[in-house]
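Descriptive analysis of the structure
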Amino acid sequence: MAATGVSAASVAGAGALRSGMAAGIAAAASAAAAPLALRIVAECPVSKARACELTLPHCAVSTPVFMPVGTQGTLKGITSSQLEALGCQICLGNTYHLGMRPGPELIKKANGLHGFMDWKRNLLTDSGGFQMVSLVELSEVTEEGVRFRSPYDGKEILLTPEESIGIQNSLGSDIMMQLDDVVSSTVTGPRVEEAMHRSIRWLDRCIKANGNPDRQNLFAIIQGGLDPELRKTCLEEMTKRAVPGFAIGGLSGGEEKEHFWKMVTLSTDHLPREKPRYLMGVGYATDLVVCVALGCDMFDCVFPTRTARFGSALVPWGSLQLKHKQFAKDFQPIDSDCECATCRRYSRAFLHALFKSDTAAMHHITVHNIAYQMSLMRSVRQSIVEQSFPTFVRRFMERMYSSQEKYPSWAVEALASVGITLE
(Lines give C-alpha, C1' and ligand atoms only; values in the text may rest on other atoms or scores of the structure.)
Protein backbone atom coordinates (compact mmCIF):
# COMPACT_ATOMS: atom_id res chain seq x y z
CA MET A 1 0.00 0.00 0.00
CA ALA A 2 1.15 3.55 -0.61
CA ALA A 3 1.70 4.43 3.04
CA THR A 4 1.10 3.24 6.54
CA GLY A 5 -0.70 5.22 9.21
CA VAL A 6 -3.09 8.10 8.65
CA SER A 7 -2.50 10.48 5.75
CA ALA A 8 -3.69 14.09 5.86
CA ALA A 9 -6.02 13.49 2.93
CA SER A 10 -7.73 10.64 4.76
CA VAL A 11 -8.48 12.48 8.00
CA ALA A 12 -12.00 13.88 8.19
CA GLY A 13 -13.43 15.76 11.11
CA ALA A 14 -16.91 15.31 12.45
CA GLY A 15 -18.17 18.31 10.49
CA ALA A 16 -16.77 16.92 7.25
CA LEU A 17 -18.53 13.63 7.88
CA ARG A 18 -21.85 15.39 8.45
CA SER A 19 -21.52 17.37 5.24
CA GLY A 20 -19.97 14.56 3.19
CA MET A 21 -23.22 13.26 1.74
CA ALA A 22 -24.28 16.59 0.27
CA ALA A 23 -20.77 17.30 -1.00
CA GLY A 24 -20.58 13.89 -2.65
CA ILE A 25 -23.84 14.40 -4.51
CA ALA A 26 -22.68 17.81 -5.69
CA ALA A 27 -19.32 16.43 -6.82
CA ALA A 28 -20.99 13.63 -8.75
CA ALA A 29 -23.38 16.01 -10.47
CA SER A 30 -20.64 18.39 -11.55
CA ALA A 31 -18.03 15.78 -12.58
CA ALA A 32 -17.26 15.27 -16.23
CA ALA A 33 -19.01 12.32 -17.82
CA ALA A 34 -16.91 9.17 -17.46
CA PRO A 35 -16.08 7.17 -20.60
CA LEU A 36 -18.80 4.58 -20.17
CA ALA A 37 -21.90 4.01 -22.25
CA LEU A 38 -24.46 1.21 -22.05
CA ARG A 39 -26.53 0.26 -25.07
CA ILE A 40 -29.30 -2.28 -24.55
CA VAL A 41 -29.17 -4.60 -27.56
CA ALA A 42 -32.05 -6.92 -26.66
CA GLU A 43 -34.32 -7.78 -23.76
CA CYS A 44 -36.03 -11.05 -22.94
CA PRO A 45 -39.81 -10.55 -23.32
CA VAL A 46 -40.46 -12.94 -20.43
CA SER A 47 -37.76 -12.44 -17.78
CA LYS A 48 -35.53 -9.50 -16.81
CA ALA A 49 -32.59 -10.83 -18.86
CA ARG A 50 -30.96 -8.39 -21.25
CA ALA A 51 -28.05 -8.26 -23.67
CA CYS A 52 -26.08 -5.02 -23.73
CA GLU A 53 -22.97 -3.46 -25.16
CA LEU A 54 -20.90 -1.69 -22.53
CA THR A 55 -18.45 0.83 -23.98
CA LEU A 56 -15.32 1.26 -21.88
CA PRO A 57 -11.96 2.97 -22.59
CA HIS A 58 -10.08 -0.13 -23.79
CA CYS A 59 -12.79 -2.00 -25.72
CA ALA A 60 -16.50 -2.72 -25.86
CA VAL A 61 -17.83 -5.42 -23.53
CA SER A 62 -20.70 -7.68 -24.53
CA THR A 63 -22.98 -8.46 -21.63
CA PRO A 64 -24.00 -10.56 -19.80
CA VAL A 65 -20.32 -11.02 -18.98
CA PHE A 66 -18.29 -13.11 -16.57
CA MET A 67 -15.09 -11.41 -15.40
CA PRO A 68 -12.17 -13.64 -14.31
CA VAL A 69 -10.32 -12.53 -11.18
CA GLY A 70 -6.60 -11.71 -11.27
CA THR A 71 -5.95 -10.86 -7.63
CA GLN A 72 -2.37 -9.63 -7.95
CA GLY A 73 -2.26 -8.50 -11.58
CA THR A 74 -2.43 -11.98 -13.05
CA LEU A 75 -4.82 -14.91 -13.20
CA LYS A 76 -3.18 -17.86 -11.52
CA GLY A 77 -2.28 -20.46 -14.10
CA ILE A 78 -2.91 -18.44 -17.26
CA THR A 79 -1.16 -15.66 -19.20
CA SER A 80 -2.64 -12.37 -20.37
CA SER A 81 -2.29 -13.41 -24.01
CA GLN A 82 -4.11 -16.68 -23.34
CA LEU A 83 -6.87 -14.81 -21.55
CA GLU A 84 -7.23 -12.46 -24.52
CA ALA A 85 -7.32 -15.43 -26.93
CA LEU A 86 -10.20 -16.91 -24.91
CA GLY A 87 -12.26 -13.81 -25.70
CA CYS A 88 -12.09 -12.14 -22.28
CA GLN A 89 -12.94 -8.43 -22.59
CA ILE A 90 -12.59 -7.45 -18.93
CA CYS A 91 -10.94 -8.97 -15.84
CA LEU A 92 -10.38 -7.98 -12.21
CA GLY A 93 -7.51 -6.82 -10.04
CA ASN A 94 -7.48 -6.52 -6.25
CA THR A 95 -6.76 -3.07 -4.82
CA TYR A 96 -5.86 -4.34 -1.36
CA HIS A 97 -3.28 -6.89 -2.51
CA LEU A 98 -1.85 -4.74 -5.33
CA GLY A 99 -1.65 -1.80 -2.93
CA MET A 100 0.35 -3.96 -0.53
CA ARG A 101 2.58 -5.60 -3.12
CA PRO A 102 4.10 -4.35 -5.36
CA GLY A 103 2.48 -0.98 -4.48
CA PRO A 104 0.75 1.71 -6.56
CA GLU A 105 3.87 3.80 -7.14
CA LEU A 106 5.64 0.99 -9.00
CA ILE A 107 2.55 0.08 -11.02
CA LYS A 108 1.99 3.72 -11.98
CA LYS A 109 5.55 3.84 -13.38
CA ALA A 110 4.62 0.90 -15.61
CA ASN A 111 1.79 2.96 -17.15
CA GLY A 112 -0.75 1.51 -14.77
CA LEU A 113 -1.94 -2.02 -14.24
CA HIS A 114 -2.62 -2.47 -17.97
CA GLY A 115 1.06 -1.92 -18.76
CA PHE A 116 2.29 -3.79 -15.71
CA MET A 117 0.42 -7.00 -16.61
CA ASP A 118 0.49 -6.47 -20.42
CA TRP A 119 -3.31 -6.41 -20.70
CA LYS A 120 -4.82 -4.41 -23.57
CA ARG A 121 -8.47 -4.83 -22.64
CA ASN A 122 -10.53 -3.55 -19.73
CA LEU A 123 -9.79 -3.85 -16.02
CA LEU A 124 -12.07 -3.58 -13.00
CA THR A 125 -10.45 -3.08 -9.60
CA ASP A 126 -12.24 -3.79 -6.35
CA SER A 127 -11.85 -1.37 -3.49
CA GLY A 128 -10.30 -3.57 -0.81
CA GLY A 129 -13.55 -3.63 1.14
CA PHE A 130 -14.04 -7.38 0.80
CA GLN A 131 -10.93 -7.90 2.92
CA MET A 132 -13.02 -6.67 5.88
CA VAL A 133 -14.66 -10.09 5.68
CA SER A 134 -11.87 -12.28 4.32
CA LEU A 135 -9.28 -10.82 6.74
CA VAL A 136 -11.69 -9.99 9.55
CA GLU A 137 -9.25 -11.05 12.27
CA LEU A 138 -6.73 -8.52 10.92
CA SER A 139 -9.07 -5.55 10.44
CA GLU A 140 -10.97 -2.90 12.40
CA VAL A 141 -13.61 -0.61 10.88
CA THR A 142 -14.21 3.01 11.94
CA GLU A 143 -15.86 5.96 10.23
CA GLU A 144 -12.47 7.03 8.98
CA GLY A 145 -11.73 3.76 7.20
CA VAL A 146 -10.49 0.21 7.71
CA ARG A 147 -7.39 -0.42 9.78
CA PHE A 148 -5.60 -3.59 8.67
CA ARG A 149 -2.66 -5.50 10.01
CA SER A 150 -0.70 -6.60 6.98
CA PRO A 151 -0.68 -10.39 6.53
CA TYR A 152 2.74 -9.96 4.90
CA ASP A 153 4.80 -8.04 7.48
CA GLY A 154 2.38 -7.26 10.34
CA LYS A 155 2.44 -3.48 9.80
CA GLU A 156 -0.71 -1.50 10.55
CA ILE A 157 -2.34 0.13 7.52
CA LEU A 158 -5.31 2.48 7.26
CA LEU A 159 -7.41 2.12 4.13
CA THR A 160 -9.80 5.06 3.77
CA PRO A 161 -12.20 5.77 0.89
CA GLU A 162 -9.74 8.41 -0.30
CA GLU A 163 -6.78 6.02 -0.11
CA SER A 164 -8.69 3.27 -1.92
CA ILE A 165 -9.60 5.60 -4.79
CA GLY A 166 -6.07 7.00 -4.87
CA ILE A 167 -4.64 3.50 -5.32
CA GLN A 168 -7.21 2.69 -8.00
CA ASN A 169 -6.41 5.96 -9.81
CA SER A 170 -2.75 4.87 -9.83
CA LEU A 171 -3.72 1.44 -11.15
CA GLY A 172 -5.64 3.08 -13.99
CA SER A 173 -8.53 0.62 -14.06
CA ASP A 174 -11.46 1.24 -16.39
CA ILE A 175 -13.97 0.53 -13.60
CA MET A 176 -13.24 1.32 -9.95
CA MET A 177 -15.31 0.18 -7.00
CA GLN A 178 -16.17 2.39 -4.06
CA LEU A 179 -14.81 1.40 -0.66
CA ASP A 180 -17.82 -0.03 1.17
CA ASP A 181 -18.31 -1.29 4.70
CA VAL A 182 -18.63 -5.03 4.11
CA VAL A 183 -20.11 -7.44 6.62
CA SER A 184 -20.68 -11.13 6.13
CA SER A 185 -24.03 -11.96 4.53
CA THR A 186 -24.81 -14.21 7.50
CA VAL A 187 -24.55 -11.30 9.98
CA THR A 188 -27.80 -9.82 11.31
CA GLY A 189 -28.70 -6.99 13.67
CA PRO A 190 -27.59 -3.36 13.98
CA ARG A 191 -24.16 -3.93 12.41
CA VAL A 192 -25.80 -4.48 9.01
CA GLU A 193 -27.65 -1.17 9.15
CA GLU A 194 -24.52 0.63 10.35
CA ALA A 195 -22.54 -0.80 7.42
CA MET A 196 -25.22 0.17 4.91
CA HIS A 197 -25.36 3.82 6.02
CA ARG A 198 -21.57 4.03 6.24
CA SER A 199 -21.28 2.67 2.70
CA ILE A 200 -23.46 5.55 1.48
CA ARG A 201 -21.26 8.08 3.27
CA TRP A 202 -18.12 6.42 1.96
CA LEU A 203 -19.52 6.51 -1.59
CA ASP A 204 -19.72 10.30 -1.35
CA ARG A 205 -16.11 10.44 -0.19
CA CYS A 206 -15.05 8.16 -3.05
CA ILE A 207 -16.83 10.34 -5.62
CA LYS A 208 -15.11 13.42 -4.25
CA ALA A 209 -11.70 11.70 -4.19
CA ASN A 210 -11.77 10.42 -7.78
CA GLY A 211 -8.96 12.23 -9.59
CA ASN A 212 -9.81 10.77 -13.01
CA PRO A 213 -13.60 10.99 -13.43
CA ASP A 214 -13.19 11.51 -17.16
CA ARG A 215 -11.18 8.29 -17.57
CA GLN A 216 -12.17 5.95 -14.74
CA ASN A 217 -15.71 4.85 -13.94
CA LEU A 218 -16.66 4.64 -10.27
CA PHE A 219 -19.35 2.09 -9.36
CA ALA A 220 -21.43 2.25 -6.20
CA ILE A 221 -22.02 -0.94 -4.17
CA ILE A 222 -25.48 -1.65 -2.80
CA GLN A 223 -25.41 -3.03 0.73
CA GLY A 224 -28.07 -3.94 3.30
CA GLY A 225 -27.50 -7.61 3.99
CA LEU A 226 -30.58 -9.80 3.74
CA ASP A 227 -32.93 -7.09 5.01
CA PRO A 228 -35.24 -5.88 2.20
CA GLU A 229 -35.90 -2.52 3.84
CA LEU A 230 -32.20 -1.80 4.34
CA ARG A 231 -31.54 -2.76 0.72
CA LYS A 232 -34.30 -0.43 -0.46
CA THR A 233 -32.93 2.43 1.63
CA CYS A 234 -29.46 1.91 0.19
CA LEU A 235 -30.84 1.68 -3.34
CA GLU A 236 -32.86 4.85 -2.91
CA GLU A 237 -29.89 6.83 -1.63
CA MET A 238 -27.16 5.48 -3.91
CA THR A 239 -29.20 5.86 -7.10
CA LYS A 240 -29.38 9.60 -6.35
CA ARG A 241 -25.65 9.76 -7.08
CA ALA A 242 -24.57 10.26 -10.67
CA VAL A 243 -22.25 7.26 -10.81
CA PRO A 244 -21.75 5.31 -14.07
CA GLY A 245 -22.81 1.93 -12.67
CA PHE A 246 -23.95 -0.09 -9.68
CA ALA A 247 -22.86 -3.31 -8.01
CA ILE A 248 -24.94 -5.57 -5.79
CA GLY A 249 -22.71 -6.39 -2.83
CA GLY A 250 -22.89 -8.17 0.48
CA LEU A 251 -24.13 -11.49 -0.96
CA SER A 252 -22.59 -14.86 -1.96
CA GLY A 253 -21.11 -15.20 1.50
CA GLY A 254 -22.77 -18.35 2.76
CA GLU A 255 -26.37 -17.18 3.05
CA GLU A 256 -29.26 -19.45 2.05
CA LYS A 257 -29.91 -19.28 -1.68
CA GLU A 258 -33.59 -18.50 -1.15
CA HIS A 259 -32.52 -15.27 0.56
CA PHE A 260 -29.77 -14.60 -1.97
CA TRP A 261 -31.96 -14.55 -5.07
CA LYS A 262 -34.64 -12.40 -3.44
CA MET A 263 -32.08 -9.71 -2.60
CA VAL A 264 -30.75 -9.88 -6.17
CA THR A 265 -34.13 -9.42 -7.82
CA LEU A 266 -35.12 -6.69 -5.34
CA SER A 267 -31.96 -4.82 -6.29
CA THR A 268 -32.42 -5.09 -10.05
CA ASP A 269 -36.04 -3.95 -9.65
CA HIS A 270 -34.79 -0.65 -8.21
CA LEU A 271 -31.60 -0.05 -10.20
CA PRO A 272 -31.72 2.30 -13.20
CA ARG A 273 -32.33 0.58 -16.52
CA GLU A 274 -29.74 2.65 -18.38
CA LYS A 275 -26.77 1.67 -16.17
CA PRO A 276 -24.83 -1.60 -15.80
CA ARG A 277 -25.67 -3.97 -12.93
CA TYR A 278 -22.78 -5.95 -11.47
CA LEU A 279 -23.48 -8.87 -9.12
CA MET A 280 -20.33 -9.39 -7.09
CA GLY A 281 -18.82 -12.76 -6.24
CA VAL A 282 -21.02 -15.03 -8.38
CA GLY A 283 -19.49 -17.66 -10.67
CA TYR A 284 -21.30 -21.02 -10.48
CA ALA A 285 -22.96 -21.79 -13.79
CA THR A 286 -26.51 -22.18 -12.41
CA ASP A 287 -26.14 -18.97 -10.40
CA LEU A 288 -25.02 -17.09 -13.51
CA VAL A 289 -27.94 -18.26 -15.64
CA VAL A 290 -30.53 -17.59 -12.93
CA CYS A 291 -29.13 -14.15 -12.07
CA VAL A 292 -29.07 -13.13 -15.74
CA ALA A 293 -32.79 -13.95 -15.72
CA LEU A 294 -33.12 -11.69 -12.65
CA GLY A 295 -31.60 -8.76 -14.56
CA CYS A 296 -27.85 -8.75 -13.83
CA ASP A 297 -25.24 -7.84 -16.46
CA MET A 298 -21.80 -8.47 -14.91
CA PHE A 299 -20.37 -11.18 -12.66
CA ASP A 300 -17.02 -12.16 -11.12
CA CYS A 301 -15.68 -15.01 -9.02
CA VAL A 302 -12.43 -16.83 -8.27
CA PHE A 303 -14.26 -20.15 -8.54
CA PRO A 304 -13.29 -21.26 -12.10
CA THR A 305 -9.57 -20.71 -11.54
CA ARG A 306 -9.47 -21.84 -7.92
CA THR A 307 -11.35 -25.08 -8.59
CA ALA A 308 -9.01 -25.80 -11.52
CA ARG A 309 -6.08 -25.90 -9.13
CA PHE A 310 -7.80 -28.79 -7.33
CA GLY A 311 -8.29 -30.73 -10.56
CA SER A 312 -11.95 -29.85 -11.12
CA ALA A 313 -12.91 -29.21 -14.75
CA LEU A 314 -16.20 -27.45 -15.50
CA VAL A 315 -18.55 -29.07 -18.00
CA PRO A 316 -22.19 -28.49 -19.04
CA TRP A 317 -23.27 -31.38 -16.81
CA GLY A 318 -21.38 -30.21 -13.73
CA SER A 319 -17.69 -30.94 -13.18
CA LEU A 320 -15.07 -33.65 -13.63
CA GLN A 321 -12.70 -34.39 -10.75
CA LEU A 322 -9.73 -35.30 -12.92
CA LYS A 323 -7.55 -36.46 -10.02
CA HIS A 324 -9.91 -39.40 -9.45
CA LYS A 325 -8.87 -42.89 -10.62
CA GLN A 326 -11.80 -43.24 -13.01
CA PHE A 327 -10.06 -40.90 -15.47
CA ALA A 328 -6.70 -42.74 -15.50
CA LYS A 329 -7.53 -44.55 -18.79
CA ASP A 330 -10.08 -42.11 -20.21
CA PHE A 331 -8.76 -40.77 -23.51
CA GLN A 332 -11.61 -38.39 -24.21
CA PRO A 333 -11.09 -34.62 -23.96
CA ILE A 334 -12.62 -32.89 -20.96
CA ASP A 335 -15.55 -31.86 -23.19
CA SER A 336 -15.73 -32.95 -26.82
CA ASP A 337 -17.79 -29.86 -27.67
CA CYS A 338 -15.25 -27.43 -26.16
CA GLU A 339 -12.86 -25.71 -28.58
CA CYS A 340 -10.26 -24.58 -26.03
CA ALA A 341 -6.58 -25.51 -26.45
CA THR A 342 -6.75 -28.02 -23.59
CA CYS A 343 -9.67 -29.95 -25.07
CA ARG A 344 -8.15 -29.87 -28.56
CA ARG A 345 -4.82 -31.34 -27.39
CA TYR A 346 -5.11 -33.33 -24.19
CA SER A 347 -7.10 -36.24 -22.83
CA ARG A 348 -8.57 -36.72 -19.39
CA ALA A 349 -6.04 -39.54 -18.85
CA PHE A 350 -3.11 -37.24 -19.64
CA LEU A 351 -4.35 -34.53 -17.27
CA HIS A 352 -4.96 -37.14 -14.56
CA ALA A 353 -1.40 -38.40 -14.88
CA LEU A 354 0.06 -34.89 -15.13
CA PHE A 355 -1.49 -33.87 -11.81
CA LYS A 356 0.76 -36.34 -10.02
CA SER A 357 3.98 -34.82 -11.36
CA ASP A 358 3.57 -31.36 -12.88
CA THR A 359 1.74 -28.13 -12.02
CA ALA A 360 1.13 -27.68 -15.75
CA ALA A 361 -2.03 -29.73 -15.20
CA MET A 362 -3.49 -26.81 -13.22
CA HIS A 363 -2.66 -24.48 -16.10
CA HIS A 364 -4.41 -26.67 -18.69
CA ILE A 365 -7.56 -27.01 -16.58
CA THR A 366 -7.58 -23.27 -15.82
CA VAL A 367 -7.54 -22.54 -19.56
CA HIS A 368 -10.48 -24.90 -20.02
CA ASN A 369 -12.51 -23.53 -17.09
CA ILE A 370 -12.18 -19.92 -18.28
CA ALA A 371 -13.13 -21.06 -21.80
CA TYR A 372 -16.21 -22.76 -20.32
CA GLN A 373 -17.31 -19.60 -18.53
CA MET A 374 -16.76 -17.45 -21.64
CA SER A 375 -18.67 -19.90 -23.84
CA LEU A 376 -21.56 -20.13 -21.36
CA MET A 377 -22.00 -16.36 -21.27
CA ARG A 378 -21.79 -16.07 -25.07
CA SER A 379 -24.55 -18.68 -25.37
CA VAL A 380 -26.66 -16.85 -22.78
CA ARG A 381 -26.25 -13.58 -24.68
CA GLN A 382 -27.02 -15.16 -28.05
CA SER A 383 -30.25 -16.66 -26.72
CA ILE A 384 -31.36 -13.25 -25.42
CA VAL A 385 -30.61 -11.61 -28.77
CA GLU A 386 -32.49 -14.40 -30.58
CA GLN A 387 -35.42 -14.04 -28.14
CA SER A 388 -35.06 -17.66 -27.01
CA PHE A 389 -33.64 -17.21 -23.51
CA PRO A 390 -36.38 -19.18 -21.65
CA THR A 391 -35.77 -22.14 -23.98
CA PHE A 392 -32.02 -21.84 -23.38
CA VAL A 393 -32.58 -21.89 -19.61
CA ARG A 394 -34.70 -25.04 -19.80
CA ARG A 395 -32.10 -26.85 -21.92
CA PHE A 396 -29.29 -25.68 -19.64
CA MET A 397 -31.05 -27.02 -16.56
CA GLU A 398 -31.91 -30.32 -18.28
CA ARG A 399 -28.25 -30.90 -19.11
CA MET A 400 -26.81 -29.66 -15.82
CA TYR A 401 -29.16 -31.83 -13.74
CA SER A 402 -30.14 -35.34 -14.79
CA SER A 403 -33.75 -34.95 -13.69
CA GLN A 404 -36.17 -32.24 -12.59
CA GLU A 405 -36.17 -33.76 -9.11
CA LYS A 406 -32.54 -32.61 -8.80
CA TYR A 407 -33.19 -28.99 -9.80
CA PRO A 408 -32.30 -26.67 -6.90
CA SER A 409 -35.58 -25.45 -5.43
CA TRP A 410 -34.27 -21.89 -5.09
CA ALA A 411 -33.42 -21.77 -8.81
CA VAL A 412 -36.85 -23.08 -9.79
CA GLU A 413 -38.52 -20.49 -7.55
CA ALA A 414 -36.29 -17.64 -8.75
CA LEU A 415 -36.87 -18.43 -12.42
CA ALA A 416 -40.63 -18.77 -11.89
CA SER A 417 -40.67 -15.32 -10.29
CA VAL A 418 -39.64 -13.83 -13.67
CA GLY A 419 -41.91 -16.03 -15.77
CA ILE A 420 -39.61 -18.94 -16.68
CA THR A 421 -41.12 -22.28 -15.74
CA LEU A 422 -39.05 -25.46 -16.01
CA GLU A 423 -41.79 -28.01 -16.65
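Our subject is the structure that appears above.
Here's what I pulled together on the structure shown here. The shown structure was predicted, so the numbers you read here are calculated from the model rather than taken from an experiment.

Re unusual backbone geometry
With omega at 5°, the peptide bond leading from T63 into P64 counts as cis. Examined against the element boundaries, P64 turns out to sit in the loop between β3 (60-63) and β4 (65-67). The phi angle at N111 is positive, at roughly 65°, despite the residue not being glycine. Topologically, N111 is positioned in the loop between α4 (104-109) and α5 (112-117).

Thoughts on the sheet that holds strand β10 (residues 175-177)
Pairing is parallel across the open sheet formed by 8 strands, whose spatial order is β4-β14-β13-β12-β11-β10-β6-β5. Of all strands in the sheet, those with a lone pairing partner are β4 and β5 (90-94), marking the two edges. Within the sheet, the average angular offset between the axes of one strand and its neighbour, ignoring direction, is 25°. Bridge analysis of strand β13 (residues 277-279) against strand β14 (residues 298-300) gives 2 bridges, and the strand direction is parallel.

Focus on the sheet that holds strand β1 (residues 37-43)
Strand order in this open sheet of 3 strands is β1-β2-β3, and the pairing throughout is antiparallel. The open sheet is flanked by β1 and β3, the only strands paired with a single partner. Geometrically, the sheet is characterised by an average inter-axis angle of 15° between neighbouring strands, direction not taken into account.

Side note on helix α15 (residues 360-385)
Taking 1.5 Å of rise per residue, the 26 residues of α15 would be expected to cover 38 Å, and the 38 Å separating its terminal C-alpha atoms lies within 8% of that figure. Two residues or fewer past α15, Q387 is found with a positive phi of approximately 60°.

Focus on the side chain of E255
Along the chain, the position of E255 falls in the loop between β12 (245-248) and α10 (257-270). A polar contact is formed between the side chain of E255 and the backbone nitrogen of G253, at a distance of 2.8 Å. Setting aside its immediate chain neighbours within four residues, E255 contacts S185, T186, L226 and F260.

A few points about helix α8 (residues 190-209)
With 20 residues, α8 should cover 28 Å at 1.5 Å per step; its first-to-last C-alpha distance of 28 Å lies within 8% of that length. Along α8, the residues classified as buried are V192, A195, M196, R198, S199, I200, W202, L203, D204, R205, C206 and I207.

Some remarks on the environment of T366
Structurally, the position occupied by T366 is in helix α15. You can call T366 buried: its relative accessible area is 1%. Sequence separation between T366 and T305 is 61 residues; the distance between their C-alpha atoms is 5.4 Å. Among residues more than four places away in sequence, those in contact with T366 are K76, G77, I78, T305 and A308.

Observations regarding the packing of helix α11 (residues 285-293) against α15
The contact between α11 and α15 brings their axes to 11 Å, and the two run at 25°. Considered as vectors, α11 and α15 are oriented roughly parallel to each other. The handedness of the crossing between α11 and α15 is right-handed. For the pair α11 and α15, contact is made by A285, L288, V289 and V292 and by Y372, Q373, L376, M377, V380 and I384, respectively. Residues that form the contact of α11 with α15 fall into these classes: 9 nonpolar, 1 polar and no charged.

Definitions and limits used
- Residues numbered from 1 in each chain as written.
- Predicted model: local features only at pLDDT ≥ 70, side-chain atom pairs only at ≥ 80, totals over all residues.
- Heavy atoms only, no water.
- Helix = DSSP H or I, 4+ residues; strand = E, 2+ residues; numbered from the N terminus.
- Pairing = 2+ DSSP bridges.
- Axes fitted to C-alpha atoms, helices over the stretch in contact; angles between N-to-C directions.
- Expected span 1.5 Å × (residues − 1).
- Polar contact = N/O pair within 3.5 Å; in protein donor to acceptor, adjacent residues only side chain to side chain.
- Contact = heavy atoms within 4.5 Å.
- Buried < 20%, exposed > 50% of the residue type's maximum accessible area, 1.4 Å probe, protein only.
- Parallel < 35°, antiparallel > 145°, perpendicular 65-115°, else oblique.
- Left-handed = near helix turned anticlockwise from the far one by under 90°.
- Nonpolar A, V, L, I, M, F, W, Y, C, P; charged D, E, K, R; others polar.

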